[in-house]
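A look at the structure
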Amino acid sequence: MNILISGASVAGPALAYWLHRQGHRVTVVERAPAPRDSGYAVDFRGRAFEVLEGMGILEEVRGHDTRMRGTDLVDAEGRVTGELPAEAFAGELEVPKRDLTRILHRVTEGDVRYVFGDSISALTQDGTGVRVEFENHEPAEYDLVVGADGVYSTVRRLAFGPHTDHVRHLGMSGVGFTTANHLGLDRRGVLHSAPGRAIYLFSAAEPDRMTVSLSFATDSPQLDLLDRATQEELVRTAFADFGWEVPRLLKEMGEADDLLFSSACQVEMDRWSTGRVVLVGDAGYCAAPSSGMGTSQALIGAHDLARRLAEHDGDLAGLTAAFTAHERELRPYVAENQRHGREAVKMLGG
């Protein structure tokens, strides 16, 4: 088949790898101008290791292990009150996301056509194919279109309806950025959580840098769409009465050049496919970052979808059968991860 995948983060390149091995012609379109060099750390659990090993990259990925040692629980003054094991946040293996993205791109770029700096603008499908229009390139026809483009998936919006129909807000939003490691953290984290607010600081791959996460209770994911100045003001208001390191962190937030504001969300859908369009990873079933399962779900979902496609013909009936079998197998796993994601948000004060 001639297959188009939207999204070049984790699920997209992983799926492209398996589909190419099956003999399909694969194009990956990505809005960013180049492979993304953003994101902090991602972790792996369970069957994700089998997928990495099948791709021949497990040992290389292991070479970027952050080797986190655990997280100290602290009170509002920074006094240690307890400890969480490394696995609580880092899973069985944790690596910087930029390293995983780079590896996945490298092992596929010779076999897969990548189109950076473009995005899908329209989808029109019938029983024989999908006509895809792009923001910058000429329209083209594909046998299958895959949305691997995240929580706010363009493919999902075009094929299934507005984000408000599928994105569930879990009641917390927050800001993340990096700053100087003035706490001297050595592959370790510090967590303070209170009703409606949480502060998580850690240092991993870069010993002189510290990642800061400031989360607080909110009632809408639409805050993600506001301008930076408004988002920063929301954070300052939420943490205005905090002492300890927080005043310094709020000042450094305004100076950060890698600031990211995002809300804890899950994607809930009755079906992950419609005709010749299918979703994989966060686009179809995000479990929320608090679940710690996003990367593992992306890898496992991509592998399982490719395996089911290999078992059926590429006509509409065959695709429908493949998608049905894929969902039947993966949904219980996703449901469990989403449950963990909701529980973790409550634990963090949401």
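Data block above holds the structure.
These remarks concern the structure in this document. On a predicted model such as this, the values are computed, not experimentally measured, just so you know.

Relative to the helices and strands, Ser263 is located in strand 16 (residues 260-267). A relative accessible area of 9% means that Ser263 is categorised as buried. Within the structure, the side chain of Ser263 is placed 2.6 Å from the side chain of Ser173, a separation counted as a polar contact. Beyond its immediate stretch of four places on either side in the chain, Ser263 contacts His169, Met172, Ser173, Ser220, Pro221 and Asp224.

So, on to the sheet that holds strand 9 (residues 130-134). One open sheet accounts for three strands, arranged 8-9-10; its pairing is antiparallel. At either margin of the open sheet sits one strand with a lone partner, and together these are strand 8 (120-125) and strand 10 (140-142). With strand direction ignored, the average angle separating the axes of adjacent strands in the sheet is 30°. Across three bridges, the pairing between strand 9 and strand 10 is antiparallel. In the strand pairing of strand 10, Arg131 is matched with Glu141.

In total, this model carries six aromatic pairs according to the counting rule given. Between Tyr114 and Phe116 the ring centres are 5.6 Å apart and the planes differ by 5°, which places this aromatic pair in the stacked class. For Tyr114, a relative accessible area of 15% translates into the label buried.

Moving on: the nonpolar core. Grouped together as the largest cluster of nonpolar side chains are 70 residues, with contacts concentrated most on Ile5, Phe44 and Val145. What Ile5 contacts, discounting residues up to four positions off in sequence, is Gly12, Leu15, Ala16, Leu19, Val26, Thr27, Val28, Val29, Val146 and Ala148. Of all hydrophobic cores here, the second largest spans 23 residues; its members include Val190, Ile199, Leu250 and Met253.

All right, on to the pairing of strand 6 (residues 93-96) then. Of the two faces of strand 6, the one holding Leu93 and Val95 and the one holding Glu94 and Pro96 are both buried throughout. Where strand 3 (residues 41-44) meets strand 6, four bridges bridge the pair, whose relative direction is antiparallel. Paired with Val42 across the strands is Val95, a residue of strand 6.

This next bit is on the sheet that holds strand 7 (residues 113-116). The six strands are arranged 7-2-1-11-18-17 in an open sheet whose pairing can be described as mixed. Since the sheet does not close on itself, it has two edges, and those belong to strand 7 and strand 17 (273-274), each with one partner. The pairing of strand 2 (residues 25-30) with strand 7 spans four bridges and is classified as parallel. The residue of strand 7 that forms the bridge with Glu30 is Phe116. Sitting on the sheet, helix 1 (residues 11-21) touches strand 1 (2-6), strand 2, strand 7 and strand 11 (144-147), and the angle it makes with strand 1 is about 165°.

Bringing the pattern of salt bridges into the picture now. Across all of its chains, the model carries 26 salt bridges by this definition. Residues Arg36 and Glu30 are paired through a salt bridge, measuring 2.8 Å at the closest nitrogen-oxygen approach. Residue classification places Glu30 among the buried positions, given a relative accessible area of 6%. The closest approach of N and O atoms between Arg45 and Asp43, which form a salt bridge, is 3.2 Å. Residues joined by salt bridges that share partners form a network here, namely Arg47, Asp304, Arg307, Arg308, Glu311 and Glu329.

Quick look at the packing of helix 10 (residues 294-310) against helix 11 (residues 316-347) now. What describes two packed helices is the angle between their axes and the distance between those same axes. Remark: helix 10 packs on helix 11, axes separated minimally by 9 Å, with the N-to-C direction vectors making an angle of 155°. It follows that helix 10 is roughly antiparallel to helix 11 by the angle criterion. Note on packing geometry: the crossing formed by helix 10 with helix 11 is right-handed. Residues Ser296, Gln297, Ile300, Gly301, Asp304, Leu305, Arg307, Arg308 and Leu309 of helix 10 lie in contact with helix 11, whose contacting residues are Leu319, Ala322, Phe323, Ala325, His326, Glu329, Leu330, Tyr333, Val334 and Asn337. Taken together, the residues of the contact of helix 10 with helix 11 sort by class into 10 nonpolar, five polar and four charged.

Here we come to the environment of Pro221. Mapped onto the secondary structure, Pro221 falls in the loop between strand 15 (209-217) and helix 7 (228-238). Separated by 43 residues in sequence, Pro221 and Ala264 place their C-alpha atoms 7.8 Å apart.

A few words on the pairing of strand 5 (residues 80-84). Within a regular beta strand, the side chains point alternately toward one face of the sheet and then the other, so they alternate between its two faces. In this structure, strand 4 (residues 71-74) lies alongside strand 5, joined through four bridges in antiparallel fashion. Counted as the bridge partner of Leu73 is Gly82 from strand 5. Hairpin remark: strand 4 followed by strand 5, antiparallel, with five residues in the connecting loop; positive phi at Gly78, about 90°.

Okay, helix 10 next. Its 17 residues give helix 10 an end-to-end C-alpha distance of 24 Å, which sits within 8% of 24 Å, the value for a rise of 1.5 Å per residue. Within helix 10, 13 of the 17 residues are buried, leaving the element largely enclosed by the surrounding structure.

Looking now at the packing of helix 1 against helix 10. Direction vectors running N to C along helix 1 and helix 10 enclose 30°, while the axes themselves pass 8 Å from each other. Classified by the angle their axes make, helix 1 and helix 10 are roughly parallel. Classified by chirality, the crossing of helix 10 by helix 1 is right-handed. Two secondary-structure elements touch here, helix 1 through Ala11, Ala14, Leu15, Trp18 and Leu19 and helix 10 through Ala298, Leu299, Ala302, His303, Leu305, Ala306 and Leu309. Residue composition of the contact of helix 1 with helix 10, by class: 11 nonpolar, one polar and no charged.

Cut-offs applied
Residues numbered from 1 in each chain as written. Predicted model: local features only at pLDDT ≥ 70, side-chain atom pairs only at ≥ 80, totals over all residues. Heavy atoms only, no water. Helix = DSSP H or I, 4+ residues; strand = E, 2+ residues; numbered from the N terminus. Buried < 20%, exposed > 50% of the residue type's maximum accessible area, 1.4 Å probe, protein only. Polar contact = N/O pair within 3.5 Å; in protein donor to acceptor, adjacent residues only side chain to side chain. Contact = heavy atoms within 4.5 Å. Pairing = 2+ DSSP bridges. Axes fitted to C-alpha atoms, helices over the stretch in contact; angles between N-to-C directions. Phe/Tyr/Trp six-rings, centres within 6.5 Å; stacked < 30°, edge-to-face > 60°. Core = buried A, V, L, I, M, F, W, Y, C linked by side-chain atoms within 4.5 Å. Salt bridge = Lys/Arg side-chain N within 4 Å of Asp/Glu carboxyl O. Parallel < 35°, antiparallel > 145°, perpendicular 65-115°, else oblique. Left-handed = near helix turned anticlockwise from the far one by under 90°. Nonpolar A, V, L, I, M, F, W, Y, C, P; charged D, E, K, R; others polar. Expected span 1.5 Å × (residues − 1).

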